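Examination of the molecular architecture
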Amino acid sequence: MTTPDPIEQRRILKTAIPGPRSAELHRRKLSAVSAGVGVGLPVYVERAGGGVLVDVDGNQLIDFGSGIAVTTVGNAAPRVVERVRAQVADFTHTCFMVTPYEEYLAVCEALNELTPGSGEKRSALFNSGAEAVENAVKVARSFTGRQAVVAFDHAYHGRTNLTMALTAKNMPYKHRFGPFASEIYRVPMAYPFRWPTGPQNCSDEAFEQFVSLVHAQVGEENTAAVLLEPIQGEGGFIVPAPGFVRRVADWCTQHGILFIADEIQTGFCRTGDWFACEFEDVVPDLITTAKGIAGGLPLSGLTGRAEVMDVVQSGGLGGTYGGNPVACAAALGSIETMKADNLNARAKAIEALVLPRLQQLAAKYSQVGDVRGRGAMLALELVADAGDLTPNSVLTGRVNAFCHAQGLVTLTAGTYGNVLRLLPPLSISDELLAEGLDILEQAFAASI
Ligand code: PMP
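Notes on the structure in this doc start here.

A separate point is the sheet that holds strand 1 (residues 45-49). Sheet strands associate in pairs through backbone hydrogen bonding, adopting either a parallel or an antiparallel arrangement. Read across the sheet, 4 strands follow the order 1-2-3-14 without closing on themselves; strand pairing throughout is mixed. The open sheet has two free edges, formed respectively by strand 1 and strand 14 (408-409), since each of these has just one partner strand. Of the pairings in the sheet, the one linking strand 3 (residues 60-63) to strand 14 comprises 2 bridges and is parallel in character. Counterpart to Ile62 in the pairing with strand 14 is Leu408. Sitting on the sheet, helix 13 (residues 430-447) touches strand 2 (52-55), strand 3 and strand 14, and the angle it makes with strand 3 is about 90°.

Another point: the packing of helix 3 (residues 78-90) against helix 10 (residues 325-340). Helix 10 packs onto helix 3 with a crossing angle of 155° between their chain directions and a minimal axis gap of 8 Å. In terms of axis orientation, helix 3 runs roughly antiparallel to helix 10. For the crossing formed where helix 3 meets helix 10, the hand is right-handed. Residue-level contacts link Arg79, Val80, Arg83, Val84, Gln87 and Val88 of helix 3 to Pro325, Val326, Ala329, Ala330, Leu332, Gly333, Ser334, Glu336, Thr337 and Ala340 of helix 10.

The next point concerns the nonpolar core. Core analysis: the largest hydrophobic core is formed by 88 residues, its most contacted members being Leu358, Leu440 and Phe444. If one sorts the elements of this core by residue count, helix 10 sits on top with 8 residues. Mapped onto the domain boundaries, this core takes at least three residues apiece from domain 1 (20-76 + 342-447) and domain 2 (80-340). Apart from residues lying up to four places away in sequence, Leu358 is in contact with Val371, Leu378, Leu380, Leu422, Leu437 and Leu440. With 31 residues, the next largest nonpolar core counts Phe152, Ala241, Phe244 and Val248 among its residues.

Our next topic: helix 4 (residues 102-114). Between the first and last C-alpha of helix 4 there are 18 Å, a value that for 13 residues agrees with the 18 Å anticipated at 1.5 Å per step. Looking at helix 4, one finds that the buried residues are Tyr104, Val107, Cys108, Ala110, Leu111, Asn112 and Leu114. For helix 4, the secondary structure elements touched by its buried residues are strand 4 (121-126), strand 9 (286-289), strand 10 (300-305) and helix 10.

Turning to the pattern of salt bridges, a few remarks are in order. Using the criterion set out here, one finds 20 salt bridges in the structure. Taking the shortest distance from any N to any O, the salt bridge between Arg10 and Glu8 comes out at 2.7 Å. Here Arg10 falls in the partly exposed class, since its relative accessible area comes to 42%. On the basis of relative accessible area, Glu8 is assigned to the partly exposed category, the value being 44%. Arg79 is paired through a salt bridge with Asp341; the nearest N and O atoms lie 3.9 Å apart. With Arg79 in helix 3 and Asp341 in the loop between helix 10 and helix 11 (343-364), this residue pair connects regions lying 262 residues apart in the sequence.

For the rest of this paragraph, the subject is unusual backbone geometry. At the junction of Ile17 and Pro18, the peptide bond is cis and its omega measures out at -5° in the coordinates. Along the polypeptide, Pro18 turns up in the segment before helix 1 (20-32). With an omega dihedral of 5°, the bond running from Met171 to Pro172 counts as a cis peptide bond. Here the phi dihedral of Asn342 falls at roughly 45°; this positive angle occurs in a residue that is not glycine.

Looking now at the side chain of Gln232. Tracing the chain through its elements places Gln232 in the loop between strand 7 (223-228) and helix 8 (244-254). At a separation of 2.9 Å, a polar atom in the side chain of Gln232 contacts the main-chain carbonyl oxygen of Asp153. With residues up to four places along the chain from it excluded, the contact list for Gln232 reads Phe152, Asp153, His154, Ala155, Met189, Phe237, Ile238 and Met377.

So, on to the environment of Thr115. Its place among the elements puts Thr115 in the loop between helix 4 and strand 4. Owing to a relative accessible area of 4%, Thr115 belongs among the buried residues under this scheme. Placed 160 residues apart in sequence, Thr115 and Phe275 show a C-alpha to C-alpha distance of 6.9 Å. Setting aside residues no more than four positions away along its own chain, Thr115 makes contact with Lys121, Phe275, Ile287 and Thr303. Within the local environment of Thr115, its side chain forms a polar contact with the backbone oxygen of Leu111, the two atoms lying 2.7 Å apart.

Definitions and cut-offs
- Residues numbered from 1 in each chain as written.
- Predicted model: local features only at pLDDT ≥ 70, side-chain atom pairs only at ≥ 80, totals over all residues.
- Heavy atoms only, no water.
- Pairing = 2+ DSSP bridges.
- Helix = DSSP H or I, 4+ residues; strand = E, 2+ residues; numbered from the N terminus.
- Contact = heavy atoms within 4.5 Å.
- Axes fitted to C-alpha atoms, helices over the stretch in contact; angles between N-to-C directions.
- Parallel < 35°, antiparallel > 145°, perpendicular 65-115°, else oblique.
- Left-handed = near helix turned anticlockwise from the far one by under 90°.
- Core = buried A, V, L, I, M, F, W, Y, C linked by side-chain atoms within 4.5 Å.
- Buried < 20%, exposed > 50% of the residue type's maximum accessible area, 1.4 Å probe, protein only.
- Domains from an automatic or database assignment.
- Expected span 1.5 Å × (residues − 1).
- Salt bridge = Lys/Arg side-chain N within 4 Å of Asp/Glu carboxyl O.
- Polar contact = N/O pair within 3.5 Å; in protein donor to acceptor, adjacent residues only side chain to side chain.

If you want it as structure tokens, here you go:
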């Protein structure tokens, strides 16, 4: 088997973005693929690696998206490719529930070891993030014998029926898709930038509201779980006010409610820790993982204390493909890479390089209302002007489009569509990061 030459870590624009071959493929997309599957940047990719995506027109784009926080170890990362190649040649599927295999065990052992908490743990593997969240709710209900699940404003947990109910944003995720699953309750997120009485009051007041709403509207004894992203992803990289996550988790423990951390976007070195919960020393009862876990292959996990995870009857969890051996091989290659290349340190180094540049933008442009995030999960929230926090989705779209045209893959996020988020692969070079930030600066200069 031939291994292609490594991709030169350089941005190269040979055509307009998207180029003619991408445009041709996109015409096929429009006639073959459901319009419900949207595309952010219709550039069709042929190869990718390091911090570069190579498109079908030969353009090389800088990747600040990682396929939405998935290719944390880089695209086609060598250890992932090696293990996947070997596995796919050995066997591709047996169904773990029929005749099992060691790779599944090794991934569960790694999850049990790497997730917060030193006690005995168990894991189960699935295909997508949404599926992991669904299963977290199943386990929590089974363990507690209670039904209610509390989720937060701005939350994103997936597009399946139960996870749509848990997701906060209507357009495009929920619009015309109801009715939604019952026994889901929503409470305010401790969102410092938009807290009505100011960020200094956010943690205390949000916690008080949380406690009072759950008590008055749901009842602690009816609540199976509280589900929270330790840094909200699609909702706009909202970092909860300091202490909030910890207090919610502790309060859950006091009331026999399971605290579920959805670390699907934040997990696996993205924020400079294996899991974002570690930042406040929070040990969740259950933790969902996906995205970065397997370097791009579809895999998700649910991990929790042994007595919680083992309460479910045999056959109650699983699925045909969950923990597919090829995806497990990819996960083992990803985790090996994260350890060998110390990607937590790399995420912190990326923060040290990128954050000051974003802060400079905020100092220069009054439309940059907030700079936030952690590690290689950083964002700008754009507003009308200093002192007018009206979300500026128009400027966000313009900046994003400018970056795309210049061959920088950026993503937007946020309930109001006014957040530019940066999620570079941790394999990106400092040079490409700096060049991407130069383009972002040019985008602001050209768009304001
Ligand atoms: N939870 C979070 C926090 C996510 O960011 C996502 C994906 N954006 C999901 C759940 C759903 O994952 P998937 O798309 O793999 O179903």
